[in-house]
Amino acid sequence: MENYESRGRRLFMKFHLQNLKFRYQIILVFLLVFLLMNVGSEIAFYSLSAKNVTDNFQESAEDAISQIENTLETRLSIIDERAESILINSTFTSTIEQFLLSPTTAHAVKAQTVVSDYLKDFERGESLISSSFLYTERGTFDNYIHYRNHEFSFQDSPFFSVYKDEAMNSEQWLPPMEDIIFQGSSMVIPCVRRFTTPAYHNWLYFIYQLDKDQLEIMLNGQSPFFDDIIILDEKGRRILGELQISDQDLQSLNAEKNAPASNRIQGELEKNNTTYLVRGGEIRQNGWKIYGLKSESELLDSLSDLRGSILRISCIVLILSIIAILWISRHLTNALSRLEHQMRNVQNGDFSVRFFYPYRDEIGSLSKSFNYMISTIQNPVSYTHLR
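Below is a short write-up of the structure. (Residues numbered from 1 in each chain as written. Predicted model: local features only at pLDDT ≥ 70, side-chain atom pairs only at ≥ 80, totals over all residues. Heavy atoms only, no water.)

## A word on the sheet that holds strand β9 (residues 265-271)
No. 1: Within the open sheet, the five strands sit side by side as β8-β7-β11-β10-β9. Their pairing is antiparallel. Across the chains shown, the open sheet's two edge strands, defined by having one partner strand only, are β8 (238-240) and β9. Shown here is a sheet whose adjacent strand axes are inclined to one another by a mean of 30 degrees, direction ignored.
No. 2: Inspection of the sheet shows strand β7 (residues 228-232) paired to β8 by two bridges, in the antiparallel sense. When the bridges of β8 are listed, isoleucine 231 appears paired with leucine 240. (Pairing = 2+ DSSP bridges. Helix = DSSP H or I, 4+ residues; strand = E, 2+ residues; numbered from the N terminus. Axes fitted to C-alpha atoms, helices over the stretch in contact; angles between N-to-C directions.)

Take a look at the structure:
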């Protein structure tokens, strides 16, 4: 047992720091200090940069969401005002009333002509509108630009069933669907307006459908730095967005708004081990909620190149510093090595040696002490030899 302990003690002393040569001690201490400073500064820099990148994204996202809100509210308001202006236009309503109250061929032809012209004007100049349609109990109307789907039945459609509750608002937005009124497979976002005329009190239904692809192009063109833009209607149904994130999780962010009166939404969501930063707002026009999402890891990837550059510069500085430290340590320890050599000569009995060092640092003081010591020793030895 003692043998093992003594071996361990000798092994420990062999690799003890103070057993290293002075030159290697200097290099080792420098490397440790350099490593600690470099790692500490890199961690501090990365943490600060990550916070700055995130904060900058939040500010940019806030501006982007505000721009989307303003653009979308403006476009939807214009569409809504144009729809309202048609439904209260005296020429339009009187022509419809004549047909509904007296459905003669002449009144039907006149109604088809007038309504189609108004619907053409309604769709003209607004790329978001895909199509429009008017339903009455005595007939349906469109602008004859699109081919009608003859299998379409209004009373069997969601446009009619959405009003089963009589307390519903006169204007209803439906979630995206494939166009069932007209032929084709385009995806549309329908809006249904239920109304009456002064002389005809049964319900009439005016439907206009937004082009979902055009809406995506408009939103993505305004905010290209978002990974995805998700829109939910006031009932929590998805209107737009491709990311497979739970709509309930998005809605849960609504309760985390800083101020009760604010329509700003901010938070984080995690999906498939990816954290998404979320910034959102609300469209007052129809209650849609907009969520802009950006992957935090993708956002911080911009720091990877910078971190790589810092690492390369650190390696270059380390190499140059090691070369400088080797030169300095060699300069410092060279005098000590020569002094050690002279001491070995004294040990072998040569008292005539002297150590010359021109500088006044600690090694200079040591050289003077060495020379004085050798002179002191040499005189008694010479006297002994003479006797």
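## Observations concerning helix α3 (residues 90-101)
Each α-helix winds once per 3.6 residues, and so residues spaced three or four apart point in a common direction.
No. 1: For α3, with twelve residues, the first-to-last C-alpha span of 16 Å sits near the 16 Å given by 1.5 Å per residue.
No. 2: Among the residues of α3, Phe92, Thr93, Thr95, Ile96, Glu97, Phe99 and Leu100 are the ones counted as buried.
No. 3: Among the residues of α3, the N-terminal cap falls to asparagine 89, whose side-chain oxygen and the backbone nitrogen of threonine 91 are separated by 3.0 Å. (Expected span 1.5 Å × (residues − 1). Buried < 20%, exposed > 50% of the residue type's maximum accessible area, 1.4 Å probe, protein only. Polar contact = N/O pair within 3.5 Å; in protein donor to acceptor, adjacent residues only side chain to side chain.)

## Regarding the packing of aromatic side chains
No. 1: One pass over the structure, following the stated rule, counts 16 aromatic pairs.
No. 2: Seen in terms of ring centroids, tyrosine 135 and phenylalanine 154 are 4.1 Å apart; in terms of plane orientation they differ by 15 degrees. Their pairing is stacked. On the criterion of sequence distance, the pair formed by tyrosine 135 in strand β1 (residues 129-136) and phenylalanine 154 in the loop between β2 (139-141) and α5 (158-161) is long-range, its members being 19 residues apart.
No. 3: Overall, phenylalanine 154 belongs to the buried group, its relative accessible area being 4%.
No. 4: Centre to centre, the rings of tyrosine 163 and tyrosine 205 are 5.7 Å apart; their planes meet at 55 degrees, and the pair counts as tilted. With tyrosine 163 in the loop between α5 and β3 (171-173) and tyrosine 205 in strand β6 (residues 204-211), this pair connects stretches of sequence that are 42 residues apart.
No. 5: When its relative accessible area of 3% is taken as the criterion, tyrosine 163 is described as buried. (Phe/Tyr/Trp six-rings, centres within 6.5 Å; stacked < 30°, edge-to-face > 60°.)

## A few points about helix α4 (residues 105-123)
No. 1: In this model, α4 (19 residues) spans 27 Å end to end at C-alpha, consistent with the 27 Å of a helix rising 1.5 Å per residue.
No. 2: Taken together, the buried positions of α4 are Ala111, Val114, Val115, Ser116, Leu119, Phe122 and Glu123.

## Describing unusual backbone geometry
No. 1: Although it is not a glycine, tyrosine 144 adopts a positive phi angle of roughly 65 degrees.
No. 2: Its location among the elements puts tyrosine 144 in the loop between β2 and α5.
No. 3: Residues other than glycine seldom take positive phi values, yet asparagine 272 does so here, at roughly 55 degrees.
No. 4: Relative to the helices and strands, asparagine 272 resides in the loop between β9 and β10 (274-282).
No. 5: A relative accessible area of 66% places asparagine 272 in the exposed class.

## Overview of the packing of α3 against α4
No. 1: In contact at an axis separation of 9 Å, α3 and α4 are set at 150 degrees when each is read in the N-to-C sense. Taken together, α3 and α4 sit at an angle that is classed as roughly antiparallel. When you trace α3 past α4, the crossing you get is left-handed. Here Thr91, Phe92, Thr95, Ile96, Gln98 and Phe99 of α3 lie close against α4, whose contacting residues are His107, Ala108, Lys110, Ala111, Val114, Val115 and Tyr118. (Parallel < 35°, antiparallel > 145°, perpendicular 65-115°, else oblique. Left-handed = near helix turned anticlockwise from the far one by under 90°. Contact = heavy atoms within 4.5 Å.)

## Details of the pattern of salt bridges
No. 1: Inspection of the entire model under this criterion finds 13 salt bridges.
No. 2: Of the charged contacts in the structure, one is a salt bridge between arginine 193 and glutamate 84, with a shortest N-O distance of 2.2 Å. On the criterion of sequence distance, the pair formed by arginine 193 in strand β5 (residues 187-195) and glutamate 84 in helix α2 (residues 22-87) is long-range, its members being 109 residues apart.
No. 3: Here arginine 193 falls in the buried class, since its relative accessible area comes to 11%.
No. 4: Of the residues examined, glutamate 84 reaches a relative accessible area of 33% and is grouped as partly exposed.
No. 5: Linking aspartate 233 and arginine 237 is a salt bridge whose minimum nitrogen-to-oxygen distance equals 2.7 Å.
No. 6: Taking relative accessible area as the criterion, arginine 237 reaches 27% and is therefore assigned partly exposed. (Salt bridge = Lys/Arg side-chain N within 4 Å of Asp/Glu carboxyl O.)

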